[in-house]
Amino acid sequence: MPEPLSFQAPKGTRDVLPPESGRWRALVDVFAELAEAIGYGEVVSPMFEDIGVFARIGENTEIVGKEMYEFRDRDDRHLALRPELTASICRAFAQHRPPMPWKIWYQGPLFRYEKPQAGRYRQFTQLGAEVLGTEDPHADVEIIALARRFYDALGLRQVRLDLNSLGDATCRPAYLDALTSYLAAHEGELSEQSRATLAANPLRVLDSKREADLPVIAAAPLMVDFLTSEPAAHFQAVCDGLAALGIDYRISPRLVRGLDYYTMTTFEFAADALDTAQNAVGGGGRYDGLVEDLGGPPTPGIGFALGIERILLACDAEGVFDGPSGEPDVFVVDLTGGREALRLTTELAAAGLRVDRAFDDRSAKAQMRAANRSGARLAAIVGDAEVDAATVEVKDLESGDQTTVARADLAEHLRRVVT
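Draft legend 1. Geometry of the sheet that holds strand β2 (residues 48-50). Across the sheet, which stays open at both edges, the three strands sit in the order β2-β4-β3 with antiparallel pairing between neighbours. Each edge of the open sheet carries a strand with a single partner, namely β2 and β3 (70-72). Geometrically, the sheet is characterised by an average inter-axis angle of 35° between neighbouring strands, direction not taken into account. Sheet topology places β3 next to strand β4 (residues 78-81); three bridges connect them, and they run antiparallel. By the bridge assignment for β4, F71 is matched with L79.

This is how it looks when you write it as structure tokens:
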């Protein structure tokens with residue numbers, strides 16, 4: 001007889017089981033409520049796209065060069081699993097041309113072939129929001145404030161905001177010339193990886209976290225010193241808007257993020273409660289040329305993405321946002337063979353209660369053990385005598401007190417007790 005097969009989730013992925021899955025859903029619900037309260041609608045986009053959509057992220061980035069899951073389908077189309085969502089959102093905008101400003105939010109899985117680490121998997125999940133169609137710096141402020149309110153709503157108090165401007169086409173060339181000259185003069189002090197990055201995209205060197213590179217990066221020219229009047233005014237308006245809302249931030253002049261499409265405002269949220277160098281829990285910025293690169297009209301955009309796995313690690317580190325318990329309010333104990341449990345669970349769930357039951361016509365003792373293990377506050381016990389009397393015995397599983405309740409009044413009685 002052949003050996004039974006034994007499969008496990010692929011490296012870099014994991015199964016999210018109850019009750020943790022309920023915590024994930026609750027986190028998404030918090031974000032959705034905050035986003036929709038200020039006019040953002042949800043977009044659900046495909047998990048794979050033509051590979052050209054993601055090439056616009058930047059061919060010299062590790063995401064495109066090394067981490068993308070790409071494949072050819074049966075019609076030989078070159079596709080990729082999405083490694084991020086902003087490019088997909090911009091493709092959707094270019095395709096459907098919705099009214100502007102287009103304010104949307106999203107959530108879903110992403111895929112990158114990278115070394116698994118704490119809070120980062122090869123399949124991971126992000127929440128995000130985007131505003132397309134306006135250059136107004138108040139849109140930048142609104143986006144950043146939405147992320148800030150989300151962290152606050154989760155109870156996180158040790159998340160800091162780093163802010164920078166990457167300028168625009170009027171000032172970035174002069175900065176890139178100065179940066180390239182500086183890095184070339186110090187090339188021998190850089191790591192091997194950063195020397196390769198320097199040849200392809202000098203700006204990406206500033207994103208290195210390697211120890212060998214840090215002294216060189218610390219003395220590099222700063223983009224903020226090269227801002228021309230319009231980008232400088234935009235950045236000042238963003239800073240003033242955040243101050244008006246009481247949102248603390250730190251100007252971080254070497255913050256560049258990891259994607260090539262960013263321009264002007266750039267920001268990152270970091271969780272100081274996480275004792276690791278990889279403590280970013282979200283970030284984003286402006287990408288005013290990306291829609292045009294994807295076949296649409298010139299369209300400014302601003303947005304962010306937040307990693308669910310890393311956010312939940314930060315919540316654990318601060319001891320906040322436990323999420324729903326997943327435990328039922330009521331456990332039905334049926335001594336009639338199961339038919340009453342079938343009816344009662346349906347009725348009580350329709351009345352808004354969380355309810356569970358046993359199966360397989362188990363004994364009263366076994367069902368009561370299951371009720372206690374379930375974590376339910378109450379047990380609704382029904383046998384033939386209760387059916388004849390149109391009543392149900394309700395037992396408080398914490399105190400042991402038991403009450404006879406008319407079947408017609410059961411749902412209302414249970415709601416009063418558990419709320």
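Back to the write-up after that little detour.
Draft legend 2. Broad picture of the pattern of salt bridges. All told, the structure shown has 24 salt bridges when counted by the stated rule. R77 is paired through a salt bridge with D73; the nearest N and O atoms lie 2.7 Å apart. Of the residues examined, R77 reaches a relative accessible area of 48% and is grouped as partly exposed. Assessed through its relative accessible area of 21%, D73 is described here as partly exposed. When salt bridges with common partners are traced through the structure, they connect R339, E340, R343, E347, D384 and R407 into a single cluster.

Draft legend 3. Seen up close, the sheet that holds strand β13 (residues 355-357). Pairing in this open sheet of five strands is mixed, and the strands run β13-β12-β14-β15-β16 from one edge to the other. At either margin of the open sheet sits one strand with a lone partner, and together these are β13 and β16 (402-406). Averaged over all adjacent pairs, the angle separating strand axes in this sheet is 30°, with direction ignored. Two elements, strand β15 (residues 391-396) and β16, share five bridges in a ladder whose sense is antiparallel. Bridge pairing links T391 to A406 in β16.

Draft legend 4. Main features of unusual backbone geometry. Cis peptide bonds are those with omega within 30 degrees of zero, and the linkage from P18 to P19 qualifies with 5°. That bond from M100 to P101 is cis: its omega, -5°, falls within 30 degrees of zero. Among the secondary structure elements, P101 is positioned in the loop between α4 (86-96) and β5 (102-111). Although it is not a glycine, A390 adopts a positive phi angle of roughly 55°. When you line up the elements, A390 lands in the loop between α15 (384-389) and β15. Overall, A390 belongs to the partly exposed group, its relative accessible area being 45%.

Draft legend 5. Structural view of the packing of aromatic side chains. On inspection of all chains with the given rule, the structure shows 10 aromatic pairs. Their ring planes at 70° and their centres at 5.9 Å tell us that F31 and W105 sit as a pair that is edge-to-face. One end of the pair, F31, is in helix α1 (residues 20-36); the other, W105, is in strand β5, and 74 residues separate them in sequence. Among the residues examined, F31 registers a relative accessible area of 0% and is labelled buried. Overall, the relative accessible area of 3% leaves W105 in the buried class. Cation over ring: R120 sits above F124, and NZ or CZ is 4.6 Å from the ring centre. Positioned over the ring face of Y113 is R122, at 4.0 Å from the centre of the ring.

Draft legend 6. How the structure looks around the packing of helix α5 (residues 137-154) against helix α10 (residues 229-244). Between α5 and α10, the least distance of the axes is 8 Å, while the angle of their chain directions is 40°. Regarding the angle of α5 to α10, the classification is oblique. In this structure, α5 crosses over α10, and the sense of that crossing is right-handed. On the side of α5, the interface is formed by P137, D140, V141 and I144, while α10 contributes H234, A237, V238, G241 and L242. Residue composition of the contact of α5 with α10, by class: six nonpolar, two polar and one charged.

Each value, and the rule that gives it
Residues numbered from 1 in each chain as written. Predicted model: local features only at pLDDT ≥ 70, side-chain atom pairs only at ≥ 80, totals over all residues. Heavy atoms only, no water. Pairing = 2+ DSSP bridges. Helix = DSSP H or I, 4+ residues; strand = E, 2+ residues; numbered from the N terminus. Axes fitted to C-alpha atoms, helices over the stretch in contact; angles between N-to-C directions. Salt bridge = Lys/Arg side-chain N within 4 Å of Asp/Glu carboxyl O. Buried < 20%, exposed > 50% of the residue type's maximum accessible area, 1.4 Å probe, protein only. Phe/Tyr/Trp six-rings, centres within 6.5 Å; stacked < 30°, edge-to-face > 60°. Lys NZ or Arg CZ within 6 Å of the ring centre and 35° of its normal. Parallel < 35°, antiparallel > 145°, perpendicular 65-115°, else oblique. Left-handed = near helix turned anticlockwise from the far one by under 90°. Contact = heavy atoms within 4.5 Å. Nonpolar A, V, L, I, M, F, W, Y, C, P; charged D, E, K, R; others polar.

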